[in-house]
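Next come the chains, spelled out residue by residue.
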Amino acid sequence: MLQEGAHGKWTVSSSDESTEENSDSEKPSTSSVLDAARDTSGPQYPCSEARKTAHKRKASPLKFSDKSFSAEAPPAGKQRTSQEGSGWCLSSSDEEPEDQEKHAHRETVKEEKSDAPKEHPLNLCKDDELSENQKAEEYYEAPSETQDTWDLLNGGNPFRFFLTKVRGIQQSYNSGALHIKDILSPLFGTLVSSAQFNYCIDVAWLVRQYPQEFRKKPLLIVHGEKRESKAELLAQARPYENISFCQAKLDIAFGTHHTKMMLLLYQEGLRVVIHTSNLIADDWYQKTQGIWLSPLYPRLPQGTSGSAGESETNFKSDLTSYLMAYNSPTLKEWIDLIQEHDLSETRVYLLGSTPGRYQGSDKEKWGHLRLRKLLKEHALSIPAQESWPVVGQFSSIGSMGADGSKWLCSEFQESLVAAGRSVMSLKCDVPVHLVYPTVNNVRQSLEGYPAGGSLPYSIQTAQKQLWLHSYFHKWSAEVSGRSHAMPHIKTYMRSSPDFQKIAWFLVTSTQLMIRSYELGVLFLPSAFGLDKGYFHVKGKMLSESGNPATYFPVPFDLPPEQYGSKDQPWIWNIPYTDAPDTHGNMWVPS
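Residues numbered from 1 in each chain as written. Predicted model: local features only at pLDDT ≥ 70, side-chain atom pairs only at ≥ 80, totals over all residues. Heavy atoms only, no water.

Describing the sheet that holds strand S11 (residues 270-275)
Sheet strands pair via backbone hydrogen bonds, and the direction of the pair is either parallel or antiparallel. Read from one edge to the other, the open sheet built from seven strands follows the order S6-S12-S11-S10-S7-S8-S9, with strand pairing classed as mixed. At either end of the open sheet lies a strand with only one pairing partner, and these are strand S6 (161-163) and strand S9 (243-247). Here the average twist between neighbouring strands, direction ignored, is 20 degrees. Direction of pairing for strand S7 (residues 191-197) relative to strand S8 (residues 219-223): parallel, over a ladder of four bridges. When the bridges of S8 are listed, Phe-197 appears paired with Val-222. With respect to the sheet, helix H11 (residues 315-324) is in contact with S7, strand S10 (261-266), S11 and strand S12 (290-293), its orientation differing from that of S10 by roughly 110 degrees. (Pairing = 2+ DSSP bridges. Helix = DSSP H or I, 4+ residues; strand = E, 2+ residues; numbered from the N terminus. Axes fitted to C-alpha atoms, helices over the stretch in contact; angles between N-to-C directions. Contact = heavy atoms within 4.5 Å.)

Right under this line is the structure:
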C-alpha cells in the first residue's frame, strides 16, 4: 500500500507490524551470552538493535560507490530507497525489513573492513589511525585542563545545566562543558561510594571513568535488564568485587529503565547528577547530551529530622519518593543517606516516571501529568500566552496515534500549556514545534550515518503517523557549536512568539511516559527569583549577558527551522545509499 506525505512516501508491507514499540524504545535485545561471544563485531554490552547496527557499521563500513551499488538494479519488488524528495520505499511483500536489506546487501554491496575513516573537514582530530571506538574510548583520558572547574560549580553557571564535551568541534565550545571523567574527578569531592542509574551500560568502560583511587569504592548499578541481557551485564562485572546491582522491576510491556542519574557520596557531602547519556563511550564522544549537576549537599547535624534540609522545590522528598517507587531494599541505604543531607540549595523541580497504573491524585505524581501540576502551581500566567509555542526536542519517537487528536494535541499538549491556576483549553491552537534530526542532519554529522543508531525511529512506526512529520523541525545548534553532534538530549520548553524568552525548560531522559523509569529536572523562573514569569534566551551559550540567572542557555537554535519539502526524518532501519556520509560511507542496516 502506497503512503505519501509532505516528507516522504513509501510502499508499506501489507503484513501487520506489531513490533513498533520495541523498535522505538531502545529496548535492549536479548541475545545470549554465547551469541555475544560468537559475534565479536557487536558491542560487548546489552543495547538496542539500532545501536548494534551502528556499532557494526562503524566496525565494517560500506563505502559509498556509485558503480558498485548501482551497477545492478534491485530485484523487482524488493526494497529500494530514494532521497530525491520521493522518499522511502519498502517492499509490498510480507518479508521482514531486515531480511530484505540482507538480500539487497548480498546482491549489490561488497562489504569492506575499514581501517580508520578518511579525514573529513568535520572530523578535526588528527588521530585517524585509531578506530572510532578507540577514539571514543581514549577521549579525555588525560584530566581536563585546569578549566574553571570551581567557577563552573560555584556561581559561573547558576542553572547548573551543562552539555557534555564533544570531540571534533571548536574547543571554545567545550569550555564550560563536562566529560564523565570531570564529573567523577576528585575536584568534585572525595568519593566514598556511588550509584549509577542507567539504561545501556558498559561496565568495564564505566570503571575506567573513575579516577584510579576511586575504582574500588562501592558502586551500585541500577538497571532494567532481564534474562539473557541481565546475565550479560552481571558477567561484565565479575572482575569487580566492589560492584553490586539493583534490578528495576518492569512489569508493563515495553517498559524500560531509561533514568540516567548518579548519586555520589563524598567525605564532604552528597551530589546528585541527572543527565541524558548512556554509560558507554559513544554517548560521551560526539553527541549532544545534557547534564544537571547538583550543588554539594552537606550532611545535616546529627539528630536532625529527615524532613530538614528540604528545598523550596521539594526536591528532597520528590527524590526519596522516586527511589522508594523501586520498592528495592538495596536502595534503602541511599534513601537514608539522602535524608541525612541538606538539599535546601536545590532550585530545580524533579520530574520522574515510574511504571504503574495510577488512580486519583497519584496520577499527578509522575510523567506529563506531574509536569502539568508543577506548571499550574509554580509557573506564572503570561499575557497572550496562547501565542507562545511549545517546543519539544527529542531523539526517539514512539507511537502517537492515527492523528494529533489522539495524544499530542490533546492530553500531552494540555500538560505543556498549563500555566498558573487558570485552566486553559487551547489544544492545537498553540503552535507545536518538534525538533528531530533529518536524514541530512545525520549524514553530515561528526559520526556520519552511525549517529542514527541512537535515533531509533522505525519505519514501522513512521508509516503509521505521517501526520506527525508536519510538526518536525531540523536539528541546528550553532549556538552551542553542536550542529554536527547529533542530539541524544531530550528537552521541552514554552517559548515566546519571537523565541527570545522561555517560560520554563525541562531536560529529561526521554518522552514523558509512565510505563518506564524516567527522570528529568524542570527549570522555572520563580525558583531563580524571577517574578516576570520567563527567562531570556541566551544568544550564545558561552556569551556573557547581564544577570546570568535571567538568561537561560538553550542548547540549540531558536527559532527552529521547519523541514523543507525534501527533508525526511531519520529512520534507522532503512538503507541510505544515494549519498555518502562524512566518512564516505553508506547506511545499510543489515
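A short note on the nonpolar core
One finds Met-261, Phe-315, Leu-323, Trp-504, Phe-523 and Trp-570 to be the most contacted residues of the largest nonpolar core, which totals 106 residues. No other element matches the six residues that strand S18 (residues 501-508) contributes to this core. Beyond its immediate stretch of four places on either side in the chain, Leu-323 contacts Phe-197, Met-261, Leu-263, Leu-331, Ile-335 and Ile-338. (Core = buried A, V, L, I, M, F, W, Y, C linked by side-chain atoms within 4.5 Å. Buried < 20%, exposed > 50% of the residue type's maximum accessible area, 1.4 Å probe, protein only.)

Topic: the packing of H11 against helix H12 (residues 332-339)
It is the contact of H11 with H12, at a shortest axis distance of 10 Å, that shows an interaxial angle of 175 degrees. Classified by the angle their axes make, H11 and H12 are roughly antiparallel. Of H12, the residues touching H11 (which contributes Lys-316, Leu-319, Thr-320, Leu-323 and Met-324) are Ile-335, Ile-338 and Gln-339. Tallied by class, residues from the contact of H11 with H12 come to five nonpolar, two polar and one charged. (Parallel < 35°, antiparallel > 145°, perpendicular 65-115°, else oblique. Nonpolar A, V, L, I, M, F, W, Y, C, P; charged D, E, K, R; others polar.)

What about the pattern of salt bridges?
What the rule picks out here adds up to 11 salt bridges. Note that Arg-299 and Glu-340 form a salt bridge whose closest N and O atoms lie 2.7 Å from each other. Taken together, the residues span a long stretch of sequence, with Arg-299 in the loop between S12 and H11 and Glu-340 in the loop between H12 and strand S13 (349-353) at a distance of 41 residues. Classification of Glu-340 by relative accessible area gives partly exposed; the value is 34%. Linked through salt bridges whose partners overlap, the residues forming this network are Lys-58, Asp-282, Lys-287 and Glu-447. (Salt bridge = Lys/Arg side-chain N within 4 Å of Asp/Glu carboxyl O.)

So, the state of the cysteines
For the structure shown, the criterion picks out zero disulfides. Residue Cys-47 stays outside any disulfide, its sulfur separated by 4.9 Å from that of Cys-200, the closest cysteine. Cys-200 sits in the buried class, given a relative accessible area of 0%. (Disulfide = S-S within 2.5 Å.)

Notes on the environment of His-179
Relative to the helices and strands, His-179 resides in the loop between S6 and helix H8 (180-183). Since its relative accessible area comes to 3%, His-179 is described here as buried. Here the alpha-carbon distance between His-179 and Phe-162, two residues 17 residues apart in the chain, equals 9.9 Å.

Describing the UniProt feature "active site" (unreviewed entry) in the protein
Here the UniProt-annotated "active site" (unreviewed entry) positions come out as His-258 and His-488. What stands out for the annotated residues spanning 231 residues is how close their C-alpha atoms remain, the widest pair being 12.2 Å apart. By the secondary structure assignment, His-258 is in the loop between S9 and S10. Relative to the elements of secondary structure, His-488 occurs in the loop between strand S16 (472-473) and strand S17 (490-495). (UniProt positions renumbered as here; feature names shortened; annotations may be inferred.)

Examining the side chain of Gln-393
Inspection of the secondary structure puts Gln-393 in strand S14 (residues 390-393). Classification of Gln-393 by relative accessible area gives buried; the value is 0%. Gln-393 has contacts with Val-435, Trp-475, Pro-487, Ile-489, Lys-490, Thr-491 and Phe-556, leaving out every residue within four places of it along the chain.

Observations regarding helix H14 (residues 408-416)
Two residues of an α-helix separated by three or four positions point the same way, owing to the 3.6 residues in each turn. H14 sits mainly inside the fold: seven of its nine residues count as buried. All of the buried residues in H14 are Leu-408, Cys-409, Ser-410, Phe-412, Gln-413, Ser-415 and Leu-416. Of the surrounding secondary structure, the elements contacted by the buried residues of H14 are helix H13 (367-378), S14, strand S15 (432-435), S17 and S18.

With respect to the pairing of S14
On a regular strand, one side chain projects to one face of the sheet and the next to the other, so that they alternate. Every second residue of S14 is oriented toward a common face, with Val-390 and Gly-392 on one face and Val-391 and Gln-393 on the other, all of them buried. Looking at chain direction, S14 and S15 are connected through four bridges and run parallel. Along S15, the bridge assignment pairs Val-390 with Val-432. As defined by bridge partners, S14 adjoins S17 across four bridges and the pair is classed as antiparallel. Paired with Gln-393 across the bridge in S17 is Thr-491.

Some points on the packing of aromatic side chains
According to the stated counting rule, one finds 27 aromatic pairs in the structure shown. Arranged with centres 5.8 Å apart and planes meeting at 45 degrees, the rings of Trp-475 and Phe-556 form a pair that is tilted. Of this pair, Trp-475 sits in the loop between S16 and S17 while Phe-556 is found in the loop between strand S21 (551-552) and strand S22 (585-586), placing the two residues 81 residues apart along the sequence. Ring centres 6.2 Å apart and planes at 55 degrees place the aromatic pair Phe-505 and Phe-523 in the tilted group. On the criterion of sequence distance, the pair formed by Phe-505 in strand S18 and Phe-523 in strand S19 (residues 518-523) is long-range, its members being 18 residues apart. For the pair Phe-505 and Phe-523, a shared accessibility class is recorded, and that class is buried. (Phe/Tyr/Trp six-rings, centres within 6.5 Å; stacked < 30°, edge-to-face > 60°.)

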